[in-house]
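Summary of structural features
In case you want the letters, here they are:
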Amino acid sequence: MDSTRNSGALRLPSPDKLHYCAIDLKKLGFPEASVVGYSDHGHRNTIVTVVEPERAAEIRYKPQPSAHISPPTEWNDLSKIAEGPDFLGGGILDYGRGLPGALAERP
Amino acid sequence: MDYARQILARSDNAAARALSAIVLMNFSSEDGAWRALVSGLRDPNSLVSVTCLQALSSLSTYLPRNVDWRPSIPDLVPLLHGTDLFGFPFVLKALAATRAAPALAGPLLEHGGARLVIAYLGAGHEEQRDLAHKFLADLAGRDLGSSPTAWEDWIARL
């Protein structure tokens with residue numbers, strides 16, 4: 001897709017103002033997009049991955065669940081954490097390290 | 001574990017679904033926990049899918065084990081086609097960490113399922129290349145090297 005031609009969809013003052021984030025790429029018509037940054041020897045790099053519009057039918061999320069199921073009361077303390085602002089702050093990634101049988105070091 | 005799986009799959013409460021993903025991390029010895037987390041990557045709510053992504057990454061790093069992924073083919077096919085692209089590298093990581101069986105190669109890679117994997121194999125970033133390479137080598141049961149062409153030839157013969 002010609003992002004320059006389509007940058008008008010984002011109401012940008014000029015095409016060079018295009019900032020590659022997944023939300024903007026979706027606004028340009030890509031049905032799925034991810035933008036991930038990483039540092040390599042002091043250089044900031046960005047990996048942009050998109051699914052082309054003609055493959056939109058291959059993107060299949062599940063429908064919104066609709067059952068009213070209450071978590072058990074034993075989860076109450078955890079629930080407060082899940083609703084907090086730092087829920088996805090990185091603790092989950094290390095949670096496995098403390099579980100029984102976990103590898104002491106990353107493989 | 002069954003209750004956590006039920007909530008993750010069916011509850012209308014996104015926070016509860018995200019919470020259930022963390023609860024499932026305590027059941028890494030059960031194939032069903034891994035499968036539920038992979039299915040959660042296709043959740044329509046990003047809080048849930050990102051939680052599942054992080055949970056899968058953590059289990060893949062610290063608690064790798066063999067998993068029978070055959071029941072997850074209906075989830076894995078759309079994920080390998082690009083559903084939840086943020087989760088895509090973590091799908092490759094989880095399948096490699098759990099030694100996805102060669103019998104899955106056809107169902108997962110045919111009909112365009114390998115397109116993104118091959119793109120990763122040719123990526124400029126080493127981490128992406130390594131994820132794709134290890135995933136393909138597990139599915140093939142042998143290593144055809146780092147060239148996308150060799151793997152494309154192999155996939156064409158599946």
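Details of the structure are given in the entry above.
Conventions we followed
Residues numbered from 1 in each chain as written. Chains lettered and ligands numbered in written order. Predicted model: local features only at pLDDT ≥ 70, side-chain atom pairs only at ≥ 80, totals over all residues. Helix = DSSP H or I, 4+ residues; strand = E, 2+ residues; numbered from the N terminus. Buried ≥ 20, exposed ≤ 12 C-beta atoms within 10 Å, placed from the backbone. Contact = placed C-beta atoms within 7 Å. Core = buried A, V, L, I, M, F, W, Y, C linked by C-beta atoms within 7 Å. Axes fitted to C-alpha atoms, helices over the stretch in contact; angles between N-to-C directions. Parallel < 35°, antiparallel > 145°, perpendicular 65-115°, else oblique. Left-handed = near helix turned anticlockwise from the far one by under 90°. Nonpolar A, V, L, I, M, F, W, Y, C, P; charged D, E, K, R; others polar.

1. What to know about the overall build of chain A
Secondary structure summary: chain A contains four helices and two strands in total. If you list the helices and strands of chain A from N to C, you get α-α-β-β-α-α. In chain A, buried positions account for 14% of the 107 residues. Considering only contacts within chain A whose residues lie at least 6 apart along the sequence, 23% involve residues at least 24 apart.

2. Considerations on the nonpolar core
If you look at the biggest cluster of nonpolar residues, it comprises 64 residues, and the most contacted ones within it are Leu24(B), Leu37(B), Ala55(B) and Val91(B). Other than its neighbours up to four places away in sequence, Val91(B) contacts Val38(B), Leu41(B), Leu79(B) and Leu80(B).

3. Considering the interface of chain A and chain B
Interfaces are often sized by the accessible area lost when the parts come together. Each partner contributes residues to the interface: chain A has 38 residues there, and chain B has 37 residues. Elements represented by at least two residues in the side of chain A that touches chain B include exactly strand 1 (32-40), strand 2 (43-51), helix 3 (76-82) and helix 4 (91-95) of chain A.

4. Describing helix 3 (residues 31-40) of chain B
All names here are of chain B. In terms of residue burial, helix 3 counts as a mostly covered element, since eight of its ten residues are buried. By the burial criterion, the buried members of helix 3 are Ala33, Trp34, Arg35, Ala36, Leu37, Val38, Ser39 and Gly40. Here the buried face of helix 3 lies against helix 1 (2-10), helix 2 (14-24), helix 4 (46-62), helix 5 (73-80) and helix 6 (88-97).

5. Overview of the packing of helix 6 of chain B against helix 9 (residues 126-140) of chain B
Residues and elements named next belong to chain B. It is at 9 Å that the axes of helix 6 and helix 9 come closest, and there the two elements cross at 40°. The pairing of helix 6 with helix 9 is recorded here as oblique in orientation. The interaxial crossing formed by helix 6 with helix 9 has left-handed handedness. Across from Pro89, Leu92, Lys93, Leu95 and Ala96 in helix 6, the residues of helix 9 making contact are Gln128, Leu131, Ala132, Lys134, Phe135 and Asp138. Looking at the contact of helix 6 with helix 9 residue by residue, the classes come out as seven nonpolar, one polar and three charged.

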